[in-house]
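Residue strings, one per chain:
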Amino acid sequence: MKNEVKKNASYVLLIINVLVVILISSNLRSPIVAVAPVLGEVREALKLDNFQVSLLTSIPLFMFAACSVLVSRFSNKFGISKLLMYSLIILSFGLFLRISGSLWLLFLGSLFIGLGICIGNVVTPGYVKNNFPKQIGLMTGIFAVSMNLTAALASGFSVKIGELTGFGWKGSLGIWLVIAALGFLVLSLEFIFNKRNPAPPKTALSISDFNMFKSAQAWNISIFMGLQSLFYYCLVAWLPSFLADFHMQGESSGWVFFVIQITMIPVTFCCPIIASKMKDQRLMILFICTLMFSNTMMFVFLKSQWIYGNAVIIGISNGLSFSLSILFFSTRTKSSINAVKISGMAQSVGYLIAAFGPPLFGKLHDWDTSWNSSFYLLSCAVILMLYFGLKAARNKYVED
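Residues numbered from 1 in each chain as written. Predicted model: local features only at pLDDT ≥ 70, side-chain atom pairs only at ≥ 80, totals over all residues. Heavy atoms only, no water.

Caption draft 1: Molecular detail of helix 14 (residues 336–355). For helix 14, which comprises 20 residues, the first-to-last C-alpha distance of 27 Å matches the rise-based estimate of 28 Å (1.5 Å per residue) to within 8%. For helix 14, a buried count of 18 out of 20 residues is recorded, marking the element as mostly surrounded by other parts of the structure. (Helix = DSSP H or I, 4+ residues; strand = E, 2+ residues; numbered from the N terminus. Expected span 1.5 Å × (residues − 1). Buried < 20%, exposed > 50% of the residue type's maximum accessible area, 1.4 Å probe, protein only.)

Printed below as a string of structure tokens:
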């Protein structure tokens, strides 16, 4: 009888753990992606200039860069699940501030949103490695799919949500408080269950004195992470603007981004499962960078022609590059604590690189109104990404 109770308890805990991964990941991209389709409304309501517009994307990225290493250090003191709860509280506070109607609260809210997402970004790979040591590829796929599905819904239905709620852009951006609340609820259930469950919870981490910043492999992973993020967030920030210049208006840009995110879903699910079974992933890196370089050239030469075909290619390449980055945190480390540490370093260094992307992309447009120079910037980033990606894809641990 006791064995049956323990077995049922383990099943319940497994379901809760899976739900935690799904709901945390659902909060890690959609609050940022939801801004682009309603950017025109926000710009008009608060009288934003181009630089201020780019800050809505760059502020969270700078927070990722500034706080990721600190978050990884706090993981020993607070534990993974407790840190995830803090991330949702901070994120919810930021989401509330962002829709309060003031310019300064908009930016302050973006700062807290960045901090909340940063904690989730850093800690979740360690949560996956700790709770699903034999299903890392599968759970990384679920993590990436949940993130991209909610991002797709945010990009495709952001305008419609504002109309249905009757609150315009505030409704479009405020709706994500609901997802954060659901995540908090499930994490609360995990805490309650672990208190009642006689088995010890799997949230404590071992201690490691390993210095990630002295590892060449850790730097390869970090720079690869940063360059693929730069590519993605430049598109997130500026896709509505350059598509408008390419004669696509209204909700069309939101649906282009919806196609990108929807395409990423099967890719981000399958990639970690396949990649985790490969000896190394260098052929995958070559394939990713070839697709990304093709994306930039299609924008230069075709503008908005074949835009939905280009969106599919973007979705495939970004889905592969993102899920591979996250997978490296688990497969290139020997312990959960080092998975959190490389996650912290890669996202600190990586998002520092990515944060400069949207402002530089926009500044190049001021200099070259055709947008070509902006896309040449992305082409150069892809070439660098190939170099560091090939090194990161080798079958080598960061501790070696």
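Caption draft 2: Focus on the environment of F210. Counting through the fold element by element, F210 comes out in the loop between helix 9 (176–196) and helix 10 (216–245). For the pair F210 and I337, spaced 127 residues apart in sequence, the C-alpha separation works out to 9.7 Å. Aside from chain neighbours lying at most four places away, what touches F210 is S215, N338, K341, V398 and E399. (Contact = heavy atoms within 4.5 Å.)

Caption draft 3: Focus on the packing of aromatic side chains. With the rule as written, the count across this model stands at 20 aromatic pairs. Taking 6.0 Å as the distance between ring centres and 90 degrees as the angle between the ring planes, the aromatic pair formed by F157 and F258 counts as edge-to-face. Here F157 is found in helix 7 (residues 136–165), whereas its partner F258 is found in helix 11 (residues 252–275), with 101 residues between them in sequence. Geometrically, the ring pair formed by Y233 and Y351 is edge-to-face, given 6.3 Å between the ring centres and 70 degrees between the ring planes. One end of the pair, Y233, is in helix 10; the other, Y351, is in helix 14, and 118 residues separate them in sequence. For Y233, a relative accessible area of 3% corresponds to the buried category. When its relative accessible area of 4% is taken as the criterion, Y351 is described as buried. Put simply, the rings of W238, F242, F246, F299, F361, W371 and F375 pair up and form one aromatic cluster. A cation sits over an aromatic face here: R29 above Y232, 4.1 Å from the ring centre. (Phe/Tyr/Trp six-rings, centres within 6.5 Å; stacked < 30°, edge-to-face > 60°. Lys NZ or Arg CZ within 6 Å of the ring centre and 35° of its normal.)

Caption draft 4: The arrangement of helix 16 (residues 372–392) in detail. When the terminal C-alpha atoms of helix 16 are compared, their 30 Å separation across 21 residues agrees well with the 30 Å that a helix rising 1.5 Å per residue should span. Regarding helix 16, the residues found buried are N372, S373, S374, F375, L378, S379, A381, V382, M385, F388, G389 and A392. Residues of helix 16 that are buried make contact with helix 10, helix 12 (282–302), helix 13 (307–331) and helix 15 (357–367).

Caption draft 5: Focus on the packing of helix 14 against helix 15. At a minimum axis separation of 5 Å, helix 14 and helix 15 run at an interaxial angle of 20 degrees. Considering the angle they form, helix 14 stands roughly parallel to helix 15. Facing I353, A354 and A355 of helix 14, the residues of helix 15 in contact are G357, P358 and P359. Within the contact of helix 14 with helix 15, the residues separate by chemical class into five nonpolar, one polar and no charged. (Axes fitted to C-alpha atoms, helices over the stretch in contact; angles between N-to-C directions. Parallel < 35°, antiparallel > 145°, perpendicular 65-115°, else oblique. Nonpolar A, V, L, I, M, F, W, Y, C, P; charged D, E, K, R; others polar.)

Caption draft 6: Quick peek at unusual backbone geometry. Phi at K303 takes a positive value of approximately 55 degrees, unusual for a residue other than glycine. Turning to its location among the elements, K303 is positioned in the loop between helix 12 and helix 13. A relative accessible area of 27% means that K303 is categorised as partly exposed. Although it is not a glycine, W306 sits at a positive phi angle of roughly 55 degrees. Inspection of the secondary structure puts W306 in the loop between helix 12 and helix 13.

Caption draft 7: How the structure looks around the state of the cysteines. Following the criterion strictly, the structure yields zero disulfides and no others. Here C234 is not disulfide-linked; the sulfur of C380 is the nearest cysteine sulfur, at 12 Å. For C234, a relative accessible area of 0% gives the class buried. (Disulfide = S-S within 2.5 Å.)

Caption draft 8: Layout of the side chain of N220. Here N220 lies in helix 10. With near-sequence residues (within four places) excluded, N220 lies in contact with F388, K391, A392 and R394.

Caption draft 9: Representation of the side chain of R98 in the model. Note that R98 resides in helix 5 (residues 80–98). Salt bridges are absent for the buried R98, whose nearest opposite-charge side chain, E41, sits at 13 Å. The contacts of R98, once residues within four sequence positions are left out, are P31, V35, L105, L106, G109, S110, I113, W169 and L173. (Lys, Arg positive; Asp, Glu negative; His and termini not counted. Salt bridge = Lys/Arg side-chain N within 4 Å of Asp/Glu carboxyl O.)

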